[in-house]
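Letter by letter, the chains look like this.
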Amino acid sequence: MVCAGPRRVAQHGGRGKECFLYAKRNTGPRRDTVRMHRELQIRCDPRDDDYLARHVVDHINGQTLDNRRANRRWSTKRDNSINRRVRGEAPSLDKILAGLLATLPARHQLEEIPF
């Protein structure tokens, strides 16, 4: 699959505190919206059209811009709405990134590299 067109962040929802951001792109002559998390999940875990029509991609930690494979799973629309968090309860991208960086092995700092 070739990724055509720029990706951008789109706001979805808007009722009260339930406002979530998603990475998306528009494709085709009708400019249909394709959300990145769904596109990635279909690529990593392909399913038939009937299954895709009945399921959505759930962000496990509630952070809708965290599209790592470990944070995505197939879910029914009902289960996804039950798992939905109020905006502000999901971890920030900064916190997620700091946690990931903390698990990496230590690397030499520029000051430690002899020239």
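Before any of the text, the structure's been laid out above.
Quick notes on the rules
- Residues numbered from 1 in each chain as written.
- Predicted model: local features only at pLDDT ≥ 70, side-chain atom pairs only at ≥ 80, totals over all residues.
- Heavy atoms only, no water.
- Phe/Tyr/Trp six-rings, centres within 6.5 Å; stacked < 30°, edge-to-face > 60°.
- Helix = DSSP H or I, 4+ residues; strand = E, 2+ residues; numbered from the N terminus.
- Buried < 20%, exposed > 50% of the residue type's maximum accessible area, 1.4 Å probe, protein only.
- Lys NZ or Arg CZ within 6 Å of the ring centre and 35° of its normal.
- Contact = heavy atoms within 4.5 Å.
- Salt bridge = Lys/Arg side-chain N within 4 Å of Asp/Glu carboxyl O.

Enquirer: Would you take a moment to explain the packing of aromatic side chains for this structure?
Expert: Centre distance and the angle of the planes are the two values used to describe a pair of aromatic rings. All told, the structure shown has one aromatic pair when counted by the stated rule. Where tyrosine 51 meets tryptophan 74, the ring centres are 5.8 Å apart and the plane angle is 90 degrees; that geometry is what we call edge-to-face. Note that tyrosine 51 is positioned in helix H2 (residues 49-54) and tryptophan 74 in strand E5 (residues 72-76), a separation of 23 residues in sequence. The class for tryptophan 74 is buried, based on a relative accessible area of 12%. Stacked on the ring of tyrosine 22, the Lys or Arg arginine 35 has its end atom at 4.6 Å from the ring centre. Lying across the ring of tyrosine 51, arginine 47 places its NZ or CZ 4.5 Å from the centre.

Enquirer: Hey, could you run me through the environment of leucine 40 in this one?
Expert: Looking at the secondary structure, you find leucine 40 in helix H1 (residues 36-44). Given the relative accessible area of 29%, leucine 40 is considered partly exposed. Sequence separation of leucine 40 and arginine 72 is 32 residues, and the distance between their C-alpha atoms is 9.1 Å. Excluding residues that lie within four positions of it along the chain, leucine 40 makes contacts with Asn67 and Arg72.

Enquirer: Any chance you could explain the pattern of salt bridges here in plain terms?
Expert: Opposite charge on two side chains allows them to pair when their charged atoms are near. Summed over the entire model, instances satisfying the criterion amount to seven salt bridges. The residue aspartate 32 makes a salt bridge to arginine 30 at a minimum N-O spacing of 3.2 Å. Residue classification places aspartate 32 among the partly exposed residues on the basis of a relative accessible area of 35%. Given a relative accessible area of 68%, arginine 30 falls into the exposed group.

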